[in-house]
Amino acid sequence: MKNSFLVRKQNFFIILTLAIPMLLGIFCKMDQPTKAEQAKAHFKDKVLSLQQHIDKNLNAAILKNDAVATQKAFIQVRSDYKYVEYYMEYFFPSTAVMLNGAPIDEIELGENLIENPTGLQVMEELIYSDAFAQNKPELLNEVKKMRLNLERVLRFNEQYMLTDAQLFDAARLEIFRITSLGISGFDTPAALQSIPEAGSALQGIKKLMALYGDDQTNQKIELAIGYLDKYPDFNAFDRLAFITDFLQPISKSMSLLRKKLGISTAVSGSALNDEAVDLFEARAFNVNRFVGNATAYISNDKILLGRKLFNDPILSNRGTRSCASCHHEAQAFTDGLPKAAAMDKGKYLLRNTTTLSYAGLQRGFFYDLKAGTLEDQALDVVHHKQEMDGSLHEATKRINQSNTYREEIKNAYKDKNGDADPWKIQHALASYIRSLSPFSSKFDAYVRGDKTQMNTSEKKGFNLFMGKAKCGSCHFAPIFNGTQAPLFAKSEAEVLGVPNRPDTVNAKVDADLGRYALYNYPQYKYAFKTPTLRNIAKTAPYMHNGVYQTLDQVLDFYNRGGGNGMGMHLENQTLSADPLKLTKEEIRDIISFLHTLDDRD
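Just so you know, the residues in each chain are numbered from 1, in the order the chain's sequence is written. In keeping with the predicted nature of the model, local features appear solely for residues at pLDDT of at least 70, side-chain atom pairs appear and are counted solely at 80 or more, and the whole-chain, interface and lining totals rest on all residues. The side-chain quantities take in all heavy atoms of the structure and omit both hydrogens and water.

What's the story with the state of the cysteines in this structure? I'm lost.
Every disulfide links exactly two cysteines, by a covalent bond between their sulfur atoms. Any two cysteine sulfur atoms lying within 2.5 Å of each other are counted as a disulfide. Counted by the stated rule, this structure contains zero disulfides. The thiol of Cys326 is not disulfide-bonded; the next cysteine sulfur, from Cys323, is found 9.1 Å away. Assessed through its relative accessible area of 12%, Cys326 is described here as buried. In this structure Cys471 is a free cysteine whose sulfur lies 8.9 Å from that of Cys474, the closest cysteine sulfur available. For the exposure calls, accessible area comes from a 1.4 Å probe over protein chains only, and a residue counts as buried if that area is under 20% of its type's maximum, exposed if over 50%, partly exposed in between.

Structure below.
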């Protein structure tokens, strides 16, 4: 009995000895925060640090009317913000607009509301103004609003439950944001801090990747930051090399890590495919994210039907004009005229015929953005008396008399009777136009790895386009239109001060009021959509009124500072009136680059 008791006692201690480490391991593991929780906590710490820099440095410098100290503190605050930009833009997009949104009024047409801009870009204009001292009350008010916005972020952050997939998606989109916006000077036009700020944004991603134990990606990030530190000059920076040699490898490395860890892709708010690793890859975009619902998704049968309707005068009641009459495929779906020819001989429409290339990758249509979808655009064009003088109702009757069309409608819309109706006509046309985004230019081949595709002048031109010339701050890569990466959620319009004729001495603004003719807001006077520059060499003449015949003339217009730079005195011009000071050689290089955007299919 005694021996049996001793054996049981000995076994008990052996089991206990083995169990204690296991139990401790379990409880320690339970107490260990997840990677997502650690990222969340780190974000909180960085926001608190940002608040501290605002209070102790920026606010104090403003109160002292010390312009130099204010600029120094402001640069630090912007750097702090950029460090957490990936997180802020992803999880707090509305607040991100209030913290670092464009310094222009936001007009909510449906609610008839005008929201005044606020945040870092507004502060930059005030801080780098000659009237710095007079701007003190407004600056202090901006600081107060920034404090309130950051406090709200911290409150909501406590309630959020993050996932690894979301954090990887946020980092992925931030790399795309740096590529398209960050290094272009888009949100820091006066301080010109976009190069060092790209480094701050990468530091934030580096910290995130470190949580997942990713030394390989962080080595690539370190190399990228080192390159930024070595070449901080805004105008001289080689953006093309930075994108292809540093940012693209970082994106690929993060994607490989995500897959290695078994982390799924997040359902992103971006119009890019959730699996897109590179902003410039061939199938980066999900065109279905530019439509309202699944019934409007694209298909090959819809495209084929739309192409046939596009080229058929059956839509016109006169039977003399099709969509292709004014949108010539060889000219990137433009017509080569200053203003489009009207139905009545010898008459012309109000504006230049815009390209349909890449039109499916935007959020507004026509120069005044009056249509919200391509379907709406088709409706407007067909019914316009001087464009097609048609009726979708009457066109439906004619189409339904064709057995061929009925068969194609059966295939496209899974309609057993093959009956046409106005919506199917609109949608088929829209589907065809959505297919016109091949991304097959020399530039596309270059950024996908074929470094033989661009010569020295073309590469210089891209760097000027994205830097000194500031073209990329309105024509956003990779579509080079006014639809902003990386979400592609809104298409912008700008007030440039386009003249009524190519006269730089006695320039007068064109009489076309643009968006103002539709919506009576002063901010919209002379505002026009920012079109794509893809296939630009094929689409002359240029601007909404076709006033310029050559790209040299267009570049000269921008080089002078637009309408205000030529003495027009437009109060609402959104284009900077400051001369770009581009040399003739630099203008030639930019034009050389623009030619690389012509599709080759």
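Alright, that's what it looks like, and here's the rest.
Is there a simple way to think about the packing of aromatic side chains in this case?
Ring pairs (aromatic) are described by centroid distance and by the angle formed between their planes. Here a pair means two rings of Phe, Tyr or Trp (six-membered ring of Trp) with centres within 6.5 Å. Their orientation is stacked below 30 degrees between planes, edge-to-face above 60, and tilted elsewhere. Applying the stated criterion across every chain, the model contains 37 aromatic pairs. With a centroid separation of 6.5 Å and 65° between ring planes, the pair formed by Phe74 and Tyr128 is classed as edge-to-face. Highlighted residues: Phe74 in helix H3 (residues 67–83) and Tyr128 in the loop between helix H6 (120–127) and helix H7 (136–159), separated in sequence by 54 residues. Through a chain of ring-to-ring contacts, three or more aromatic side chains come together here, namely Phe43, Tyr86, Tyr87, Tyr90, Phe91, Phe92 and Tyr160. Between the NZ or CZ atom of Arg239 and the centre of the ring of Phe234, over which it lies, the distance is 4.6 Å. Criterion for a charge above a ring: Lys NZ or Arg CZ within 6 Å of the ring centre, and within 35 degrees of the ring normal. Directly above the aromatic system of Tyr524 lies the positively charged group of Arg515, at a separation of 4.3 Å from the ring centroid. Secondary structure elements are taken from DSSP: a helix is a run of H or I of four residues or more, a strand is a run of E of two residues or more, and numbering for both begins at the N terminus.

I tried to follow helix H10 (residues 215–230) on my own but got confused; where do I start?
At 3.6 residues per turn, the α-helix brings residues three or four places apart onto the same side. Taking 1.5 Å per residue as the helical rise, H10 with its 16 residues ought to reach 22 Å, and the 22 Å between its terminal C-alpha atoms agrees with that figure. Restricting attention to buried positions, one finds in H10 the residues Thr217, Asn218, Ile221, Ala224, Ile225, Tyr227 and Leu228. On its buried side, H10 packs onto helix H9 (194–211) and helix H11 (239–260). For H10, the N-terminal cap is Asp214; the gap from its side-chain oxygen to the backbone nitrogen of Gln216 is 3.4 Å. Expected helix span is computed as 1.5 Å times (number of residues minus one). Any two residues having at least one pair of non-hydrogen atoms within 4.5 Å are treated as being in contact. Polar contact is the term for a pair of N or O atoms within 3.5 Å; when the atoms are in protein, one must be able to donate a hydrogen and the other to accept it, and sequence-neighboring residues count only if both atoms are side-chain atoms.

Please clarify how the nonpolar core should be interpreted in this entry.
Counting residues in each nonpolar core, the largest one holds 127 residues, and the members touching the most others are Met88, Leu202, Phe242, Phe443 and Leu594. Beyond its immediate chain neighbours, meaning those up to four positions away, Met88 contacts Phe43, Tyr81, Pro93, Ala96, Leu99, Leu150 and Val153. To define a nonpolar core, start from buried Ala, Val, Leu, Ile, Met, Phe, Trp, Tyr and Cys residues and group those joined through side-chain atoms within 4.5 Å. Counting 34 residues, the second largest nonpolar core, distinct from the first, contains Ile303, Leu309, Ala371 and Val382.

Which parts of the structure should I look at to understand the packing of helix H13 (residues 374–383) against helix H16 (residues 422–434)?
Two numbers describe a pair of packed helices, the interaxial angle and the distance between the axes. Here an axis means a line fitted to C-alpha atoms, over the contact stretch when the element is a helix, while the angle between two N-to-C directions is reported on a 0 to 180 degree scale. Where H13 meets H16, the closest approach of the two axes is 8 Å, and the angle between their N-to-C directions is 120°. Regarding the angle of H13 to H16, the classification is oblique. The handedness of the crossing between H13 and H16 is right-handed. Judged by residue contacts, Leu374, Glu375, Asp376, Ala378 and Leu379 of H13 engage Gln426, His427, Leu429, Ala430, Ile433 and Arg434 from H16. Grouping the constituent residues of the contact of H13 with H16 by class yields six nonpolar, two polar and three charged. Angle categories are assigned with fixed cut-offs, so that under 35 degrees is roughly parallel, over 145 is roughly antiparallel, 65 to 115 is roughly perpendicular, and the rest are oblique. The hand of a helix crossing depends on one turn: near helix anticlockwise from the far one by less than a right angle means left-handed, and clockwise means right-handed. Any residue that is not Ala, Val, Leu, Ile, Met, Phe, Trp, Tyr, Cys, Pro, Asp, Glu, Lys or Arg is counted as polar, Gly included; the first ten are nonpolar and the last four charged.

Can you help me understand the environment of Met88 in this one?
With respect to the helices and strands, Met88 occurs in helix H4 (residues 85–91). Each C-alpha atom, one on Met88 and one on Val47, is 9.9 Å from the other, the two residues being 41 residues apart in sequence.

What's the story with unusual backbone geometry in this structure? I'm lost.
Leaving glycine aside, a negative phi is the common case for residues, and trans is the common case for peptide bonds. Note that the residue after Ala477, namely Pro478, is joined by a cis bond; omega there is 10°. Tracing the backbone through its elements, the reader meets Pro478 in the loop between helix H18 (456–466) and strand S3 (493–495). Between Ala485 and Pro486 the backbone carries a cis peptide bond, its omega angle lying at 0°. Relative to the helices and strands, Pro486 is located in the loop between H18 and S3. Here Lys470, not a glycine, exhibits a phi torsion of approximately 60°, which is positive. We classify Lys470 as partly exposed; its relative accessible area is 33%. Positive phi, normally seen in glycine, also occurs at Asn535, with a value near 65°. Along the chain, the position of Asn535 falls in the loop between strand S4 (527–529) and helix H19 (551–559).

What am I meant to see in the layout of surface pockets here?
Of the two site types, the cavity is a set of points on a 1 Å grid over the protein atoms alone where a 1.4 Å probe fits but cannot get out, and the pocket is an open set with protein on both sides within 12 Å along at least five of seven lines, each lined by residues with an atom within 4 Å of a point. Grid points are joined across faces, edges and corners, and a volume is the space filled by probe spheres set on the points. When its volume is computed, the second largest pocket comes out at roughly 620 Å³. What lines the second largest pocket is a set of 27 residues, and nearest its centre among them are His327, Leu349, Phe366, Val381 and Glu387. Secondary-structure elements contributing two or more residues to the lining of the second largest pocket are H13 and H16. When residues in the lining of the second largest pocket are grouped by element, the largest group, four residues, is from H13. When the residues that make up the lining of the second largest pocket are grouped by side-chain class, the tally is 15 nonpolar, seven polar and five charged.

Would you mind showing me how to read the packing of helix H2 (residues 35–63) against H9 here?
One can describe the packing of H2 onto H9 by two numbers: an axis separation of 9 Å at closest approach and a directional angle of 150°. Accordingly, the angle class assigned to the pair H2 and H9 is roughly antiparallel. In this structure, H2 crosses over H9, and the sense of that crossing is right-handed. Facing H2, whose interface residues are Lys35, Gln38, Ala39 and His42, H9 presents Lys207, Leu208 and Leu211. The class makeup of the residues in the contact of H2 with H9 is three nonpolar, two polar and two charged.

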